[in-house]
Amino acid sequence: GSLVLGVTYPIVGWMIASRRRENPIGWIFLVVGLSQAVEALCGQYARYGLVTDPGSLLLADVASWVGIWAWVPGNTLMLVLVLLFPEGHLPSRRWQPVLVVAAAAFVLMLAPIAIAAWPYRGQALVGVPRMDPALDGSIAIAFTLMAVGTAMSLFVALAAVGAVVVRFRRSTGIERQQIKWFASAGVAEVAALLISSAIVFPPPLDVLIAIVILPLVPIATALAMLRYRLYDIDRIVSRTISYGLVTGLLIAAYAGLILLLVALNGLIQRYSNRLGLGVRDLTLIAAMTMVSAALPAFGFQMHSTLSPAG
């Protein structure tokens, strides 16, 4: 995921910054991409230089230290980006305290752990950091301050969502379409991340999800900022909802029919001594085949009914 973001964000940042230099969003994307790339690079660099082939790489211990806090700038600026989208400024001056809270959260999440972890640089910071707050008071303080900063960043995230809602209610025309692109991608990405956190996907499906889902927000931002096919978002959202509804109904119908067929076969087995196990299996397989053949046509008809184009 960090590698995907480390590639996607700087490309999108370059595209936006080179065409909208006065807008800070492109520059924020560049910093976010740099943050993600540095985190991924330092993590792998330290692992190789300290574990795989100890002593083979210079400054591998410093890389292990940088890797534990390099994510903070990108994480904080992503929240600021939501506050500023799409014009690059706050909805009004009343939102300035949110930027102050974001700056404070940035300092609390980065500075204490960076200072406290410096003596541990090396193998202790590779993989799962082996820093025990019970044995080191500075680590305990750093973790506490980091938790406070995380809570403050959560407040900034909620405020950023509120800012998007306020902008959308006030917006018209092009700005409204831009917000639709950004918000739709954000909702899809959050939903996918919540599902992936509850369900462990096997490889290579987990890699495919990371490649497809994580770049949604930067790609949607680029389309919105550069105004490329801006008004297609209404059609995309409509078709996504209709396809999702049809797919859900088909899955539910298929599962219900299969359960019904299994129950019917049980009744046949119970009340007909002349039917053997092989006949029962063939009956079920034939019925499932007919259901599988009929459902796609049924789904196509449903989609034609629900889709505005149909």
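This text follows the structure it describes.
Before going into details, it helps to say that this report is about the structure given with it. (Residues numbered from 1 in each chain as written. Predicted model: local features only at pLDDT ≥ 70, side-chain atom pairs only at ≥ 80, totals over all residues. Heavy atoms only, no water.)

## Describing the nonpolar core
Logical step 1: Core analysis: the largest hydrophobic core is formed by 37 residues, its most contacted members being Tyr9, Phe29, Leu83 and Trp95.
Logical step 2: Within the residue set of this core, elements represented by two or more residues are helix 1 (2-19), helix 2 (24-52), helix 4 (71-84), helix 5 (96-117), helix 6 (137-170), helix 7 (173-198) and helix 9 (216-226).
Logical step 3: Ranked by residue count, the leading element in this core is helix 4, at seven residues.
Logical step 4: If we ignore the near neighbours within four places in the chain, the residues touching Phe29 are Tyr9, Pro10, Val12, Gly13, Ile16, Leu81, Pro218 and Thr221.
Logical step 5: Residues Val66, Trp69, Met109 and Leu125 belong to the second largest nonpolar core, which totals 23 residues. (Core = buried A, V, L, I, M, F, W, Y, C linked by side-chain atoms within 4.5 Å. Buried < 20%, exposed > 50% of the residue type's maximum accessible area, 1.4 Å probe, protein only. Helix = DSSP H or I, 4+ residues; strand = E, 2+ residues; numbered from the N terminus. Contact = heavy atoms within 4.5 Å.)

## Some words on the environment of Thr8
Logical step 1: Within the secondary structure layout, Thr8 lies in helix 1.
Logical step 2: C-alpha separation for the pair Thr8 and Val32, spaced 24 residues apart in sequence, amounts to 9.9 Å.
Logical step 3: Residues in contact with Thr8, not counting those within four places in the same chain, are Pro215 and Pro218.

## A word on unusual backbone geometry
Logical step 1: The residue after Phe85, namely Pro86, is reached through a cis peptide bond having omega 0 degrees.
Logical step 2: Mapped onto the secondary structure, Pro86 falls in the loop between helix 4 and helix 5.
Logical step 3: Unlike most non-glycine residues, Leu59 shows phi in positive territory, near 60 degrees.
Logical step 4: Mapped onto the elements of the fold, Leu59 is located in the loop between helix 2 and helix 3 (60-67).
Logical step 5: Residue class for Leu59 comes out exposed when judged on its relative accessible area of 60%.

Take it as geometry only, folks, not as evidence of what the structure does.
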